[in-house]
Amino acid sequence: MNRVLIGQIAGIVSDVITPVLPTNYPGLICWYQPSGLASVGVSGFYWTAWNDSSGHGRDLASHGQVSMRSLNGLPAIGAGSTDSYMQRVSTGTEFTNNSYTIITVLRGGLSDFVVKSVTSDNRIIGQSFGGTPALVNFQANDSNGLSVIVTAGQTTNAVIVVSTLNALTGVFTTYMNGGTYSSAHPTWKATQNFQGTVKVGSFMGTSDNLVAETFAYDSVRTTHEINNLCQQLATKFAINWISI
């Protein structure tokens with residue numbers, strides 16, 4: 001048995017024995033989980049902060065009224081009012097690479113709810129959902145005017161959504177409920193980055209939608225790693241994740 005195969009088997013055994021956390025894999029940009037939510041001064045009504053669990057200190061502060069919601073008994077953020085979301089107070093340096101993986105636990109609703117990074121010249125990368133039932137998208141807009149939207153179907157249930165951008169191949173892929181939705185854009189600029197302000201929340205209206213957890217990497221994670229991460233999230237939030 002060669003060393004590579006032995007190493008792969010050892011990695012799988014380690015994943016089974018030890019719970020897989022986002023910090024287990026390199027390139028973690030930010031991680032917002034239920035335990036990071038905080039409310040100061042308006043406890044019992046709205047969240048005021050979402051602390052970063054990645055170790056990078058990329059904490060978010062509330063803009064507007066971000067409602068307290070829950071999923072499987074764990075805290076989550078919801079749409080408290082129009083244009084209400086969590087954001088970094090100043091422009092960060094999170095999305096400076098070329099390829100990304102974004103994983104989010106969400107429940108669809110009636111308003112536009114997103115996880116995104118927005119630059120000063122209006123470049124955007126992130127996930128969004130909205131409509132009746134909610135339509136889930138992975139979107140990227142670059143500085144050259146190219147806009148990419150990969151639609152991953154509709155849902156009003158709690159789901160785990162995984163979106164990846166491979167800048168070398170120009171392939172955008174989103175996974176949801178066991179489905180795979182991809183779109184190739186060979187003209188995508190591999191030098192593009194999305195250094196900007198991270199925002200998580202609602203920008204239109206109110207509903208029972210929510211985001212319970214979200215994190216991102218500065219690379220495309222492997223299928224094995226994605227399944228490990230999503231199985232842990234599925235257990236945590238009582239959601240069915242079908243391995244990709």
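Residues numbered from 1 in each chain as written. Predicted model: local features only at pLDDT ≥ 70, side-chain atom pairs only at ≥ 80, totals over all residues. Heavy atoms only, no water.

### Some points on unusual backbone geometry
So, step 1. One non-glycine residue, Asn 122, lies in positive phi territory at about 70°.
So, step 2. By secondary structure assignment, the location of Asn 122 is in the loop between strand E8 (112-118) and strand E9 (124-130).
So, step 3. The backbone phi angle of Ala 238 is positive, close to 55°, even though this residue is not glycine.
So, step 4. Take Ala 238: it is sitting in the segment after helix H2 (223-237).
So, step 5. Here Ala 238 falls in the exposed class, since its relative accessible area comes to 61%. (Helix = DSSP H or I, 4+ residues; strand = E, 2+ residues; numbered from the N terminus. Buried < 20%, exposed > 50% of the residue type's maximum accessible area, 1.4 Å probe, protein only.)

### Brief notes about the environment of Thr 223
So, step 1. Along the polypeptide, Thr 223 turns up in helix H2.
So, step 2. What makes Thr 223 partly exposed here is its relative accessible area of 40%.
So, step 3. Distance from Thr 223 to Ser 243, taken between C-alpha atoms, is 8.7 Å for residues 20 residues apart in sequence.

### Points about the pattern of salt bridges
So, step 1. This model, assessed by the stated rule, comprises 4 salt bridges.
So, step 2. Ionic pairing is found between Arg 88 and Glu 94, a salt bridge with its closest N-O pair at 2.4 Å. By the burial criterion, Arg 88 is buried, and Glu 94 matches it.
So, step 3. In this structure, Glu 225 and Arg 221 form a salt bridge, with 2.9 Å as the shortest nitrogen-oxygen distance.
So, step 4. On the basis of relative accessibility, which here comes to 12%, the residue Arg 221 falls in the buried class. (Salt bridge = Lys/Arg side-chain N within 4 Å of Asp/Glu carboxyl O.)

### Some words on the confidence of the model for the protein
So, step 1. Averaged over every residue, the pLDDT of the protein is 84; the share at 70 or more is 86%.
So, step 2. Predicted confidence is poor over residues 4-10, with pLDDT under 50, and the contacts of this stretch with residues over four places away or in other chains come to 2 contacts. (pLDDT = per-residue confidence, 0-100. Contact = heavy atoms within 4.5 Å.)

### Digging into the side chain of Ser 117
So, step 1. By secondary structure assignment, the location of Ser 117 is in strand E8.
So, step 2. On the basis of relative accessible area, Ser 117 is assigned to the buried category, the value being 0%.
So, step 3. A polar side-chain atom of Ser 117 sits 2.7 Å from the main-chain carbonyl oxygen of Phe 194. (Polar contact = N/O pair within 3.5 Å; in protein donor to acceptor, adjacent residues only side chain to side chain.)

### Some thoughts on the side chain of Thr 174
So, step 1. Of note, Thr 174 is situated in strand E13 (residues 171-176).
So, step 2. A polar contact is formed between the side chain of Thr 174 and the side chain of Ser 163, at a distance of 2.9 Å.
So, step 3. Every residue in contact with Thr 174, bar those within four places of it in the chain, is listed here: Phe 138, Ala 152, Val 161, Val 162, Ser 163, Gly 179, Thr 180 and Tyr 181.

### Section: the pairing of E13
So, step 1. Taken across its 6 residues, E13 has 5 buried, putting it largely inside the fold.
So, step 2. Strand direction decides the pairing type here: strand E12 (residues 158-166) and E13, joined by 6 bridges, are antiparallel. Bridge pairing in E13 links Val 161 to Met 176.
So, step 3. Between E12 and E13, which pair antiparallel one after the other, the connecting turn spans 4 residues, and Gly 170 there sits at a positive phi close to 75°.
So, step 4. Two strands pair when backbone bridges link them, and E13 and strand E14 (residues 179-184) are joined in this way by 6 bridges, in the antiparallel orientation. Its bridge partner being in E14, Thr 173 is matched across the sheet by Ser 182.
So, step 5. Count of turn residues in the E13/E14 antiparallel hairpin: 2 residues, of which Asn 177 carries a positive phi of about 55°. (Pairing = 2+ DSSP bridges.)

### Notes on the nonpolar core
So, step 1. By size, the foremost hydrophobic cluster in this structure holds 37 residues, and its most contacted members are Trp 50 and Ile 77.
So, step 2. Core analysis: the second largest hydrophobic core is formed by 23 residues, Leu 71, Leu 210, Ile 226 and Leu 233 among them. (Core = buried A, V, L, I, M, F, W, Y, C linked by side-chain atoms within 4.5 Å.)

### Description of the environment of Val 114
So, step 1. By the secondary structure assignment, Val 114 is in strand E8.
So, step 2. By relative accessible area, which is 6% here, Val 114 ends up buried.
So, step 3. Considered as a pair, Val 114 and Thr 104 are 10 residues apart in the sequence and their alpha carbons are 10.0 Å apart.
So, step 4. Those residues in contact with Val 114, other than ones at most four positions away along the chain, are Gln 127, Ser 128, Lys 199, Val 200, Gly 201 and Phe 203.

### Here's the deal with the environment of Ser 117
So, step 1. Along the chain, Ser 117 and Gln 87 lie 30 residues apart, while their C-alpha atoms are 9.4 Å from each other.
So, step 2. Not counting residues up to four positions away in its chain, the partners in contact with Ser 117 are Phe 95, Arg 123, Ile 124, Ile 125, Phe 194, Gln 195, Gly 196, Thr 197 and Val 198.

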